[in-house]
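One letter stands for each residue in the lines below.
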Amino acid sequence: MVNARPTLALSGSSDNTLRLWDVDRGQSLRAMRHSGWVWCLDVEWDIERALTGSEDGALRLWDLERGEAVRVLRGHRLAVLCLAVDWAAQRALSGSADRTLRLWDMEQGTSLRELCGHRDWVRCLAVDWTRSRALSGGDDGCLRLWDLGRGETIRVLRGAAGAIHAASLHLAEREALSGGSAGALQVWDLGLGRISMLLQGHTGTIRCVETDWPSRRALTGSDDGAVRLWHLGMGCELRVLRGRGGSAWCLASSWTLGCALSGRDDASLKVWNLDMGGTGRGADGPRHAGELRGHEAHLG
């Protein structure tokens, strides 16, 4: 997993470490030891805090300045595969291989609610904290729209054809994205509860998606090794970003600066220029071109 701002990035890997990066210089600033594979993370750069989910079933809150875990949240029985954080309210939502989601009070370190309904691993989620709604997907091939206040499923969306690994939610316009083992990016009409458009191009499982809803653009990473830039309004592919290495497992983007990072199963992070369609720096993006290396195993 990776999260980035213009000059810093944080990544987690199956080598059981978190790494803080100086993207401008292409250097690893700090490695933090986890107790297991780091599957997911979220960062609040302004307060230098991060929340991670791991193979051991725990979530850990990190002080990035000190490089230390300051709190451990326990409740899941199996690996934590996805999470999202409302840093202002100190709440988090996590999804797990134990088939559940959990809503957390990070300040108290307690689980507020367990959400049950999925029949297999929960691999992805997206949250609208203002409206107290969440979307989750997993190996059962279903997307579930949740009311976080009540802890209940509002709607089950079927038709994705295979496991769902990535999701994005735009509740204001009642739409969502999903991607997974079918290899297509699916655009959902949440009002009608069905797929409104399929975007084809990847030849492998879609592992991750990043969306800029105002500009109607999305980035996807796949087992086929490509990162693809899409225009949702036009329903077309704008650009294919390719580099050496294997699957693109995770993504982080700065749409304003026109750059993105992808984490790959060859243990590298690649810096992409979205405007030019290659690795390296745009006009205002990171100065480091190409790759960041330091992890010893693929990024989660």
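Since we're looking at a predicted model, the values are computed, not measured. Each chain has its residues counted from 1, running along the sequence as written. Only residues with pLDDT of at least 70 are given local features in this predicted model, and only at 80 or more are side-chain atom pairs given and counted; all residues enter the totals for whole chains, interfaces and linings. Heavy atoms throughout the structure, all of them, feed into the side-chain values; hydrogens and water do not.

Undergrad: Is there a simple way to think about unusual backbone geometry in this case?
TA: Backbone phi values are negative for most residues with the exception of glycine, while trans is the configuration of most peptide bonds. In this model, asparagine 16 sits at a positive phi of 70 degrees, which is unusual for a non-glycine residue. With a phi close to 55 degrees, glutamate 48 is a non-glycine residue in the positive phi region. By the element assignment, glutamate 48 lies in the loop between strand E5 (38-44) and strand E6 (49-54). Exposure categories follow from relative accessible area, calculated using a 1.4 Å probe and restricted to protein chains: below 20% of the type maximum is buried, above 50% is exposed, and the middle band is partly exposed. Judged by its relative accessible area of 33%, glutamate 48 falls in the partly exposed class. Put simply, DSSP marks the helices as runs of H or I at least four residues long and the strands as runs of E at least two long, and each gets a number from the N terminus on.

Undergrad: Is there a simple way to explain the sheet that holds strand E23 (residues 227-231) in this structure?
TA: Sheets are built from strands that pair by backbone hydrogen bonding, the pairs being arranged parallel or antiparallel. A pair of strands is treated as paired once DSSP finds two or more bridges between them. Across the sheet, which stays open at both edges, the 4 strands sit in the order E21-E22-E23-E24 with antiparallel pairing between neighbours. Across the chains shown, the open sheet's two edge strands, defined by having one partner strand only, are strand E21 (206-212) and strand E24 (236-241). When the angles between neighbouring strand axes are averaged without regard to direction, this sheet yields 20 degrees. Strand direction decides the pairing type here: E21 and strand E22 (residues 217-222), joined by 6 bridges, are antiparallel. Bridge assignment links glutamate 210 to a residue of E22, and that residue is leucine 219. Between the N-to-C directions of two axes lies an angle of 0 to 180 degrees, each axis being a line fitted to C-alpha atoms and, for a helix, fitted only over the stretch in contact.

Undergrad: Mind showing me how you'd approach the sheet that holds strand E7 (residues 59-63) here?
TA: Here we have 4 strands laid out as an open sheet, ordered E5-E6-E7-E8, and antiparallel in their pairing. Looking along the sheet, the strands with just one partner apiece sit at the ends: E5 and strand E8 (68-73). Taking the axes of each pair of neighbouring strands and ignoring which way they run, one obtains an average angle of 25 degrees across the sheet. Two strands pair when backbone bridges link them, and E5 and E6 are joined in this way by 6 bridges, in the antiparallel orientation. Following the sheet pairing, cysteine 40 is matched in E6 by glycine 53.

Undergrad: How should I be thinking about the side chain of threonine 17 in this particular structure?
TA: Inspection of the secondary structure puts threonine 17 in strand E3 (residues 17-22). The exposure class assigned to threonine 17 is buried, which follows from its relative accessible area of 6%. We call two N or O atoms a polar contact when they sit within 3.5 Å, provided that within protein one can donate a hydrogen and the other can accept it, with sequence-adjacent residues counted only if both atoms are side-chain atoms. Of the polar contacts made by the side chain of threonine 17, one reaches the side chain of aspartate 15; its length is 2.6 Å.

Undergrad: Hey, could you run me through the packing of aromatic side chains in this one?
TA: Any pair of aromatic rings gets described here by the distance separating the centres and the angle formed by the planes. Each Phe, Tyr or Trp ring (for Trp, its six-membered ring) is paired with any other whose centre lies within 6.5 Å, and the angle between the two planes then decides the class: stacked below 30 degrees, edge-to-face above 60, tilted in between. The tally for this structure, following the rule as stated, stands at 2 aromatic pairs. Plain terms: the ring middles of tryptophan 37 and tryptophan 39 are 4.3 Å apart, the flat faces sit at 5 degrees to each other, and that makes the pair stacked. Residue tryptophan 37 is classed as buried on the basis of its relative accessible area of 17%. Ring centres 6.4 Å apart and planes at 45 degrees place the aromatic pair tryptophan 39 and tryptophan 249 in the tilted group.

Undergrad: Would you take a moment to explain the nonpolar core for this structure?
TA: Across soluble globular proteins, nonpolar side chains have a tendency to be buried as a group. Residues enter a nonpolar core if they are buried and are Ala, Val, Leu, Ile, Met, Phe, Trp, Tyr or Cys, with the set joined through side-chain atoms within 4.5 Å. The biggest cluster of nonpolar side chains holds 18 residues, and the ones touching the most others in it are Trp39, Leu51, Leu59, Val85 and Met106. Elements with a contribution of two residues or more to this core: E5, E7 and strand E9 (80-86). Sorting elements by how many residues they give to this core places E9 first, with 4 residues. Here methionine 106 is in contact with Leu51, Arg71, Leu73, Val85, Trp87, Gln90, Arg91 and Ala92, once residues within four sequence places are set aside. Counting 14 residues, the second largest nonpolar core, distinct from the first, contains Leu157, Ala176, Trp188 and Leu190. Residues count as neighbours in contact if any of their non-hydrogen atoms are within 4.5 Å of one another.

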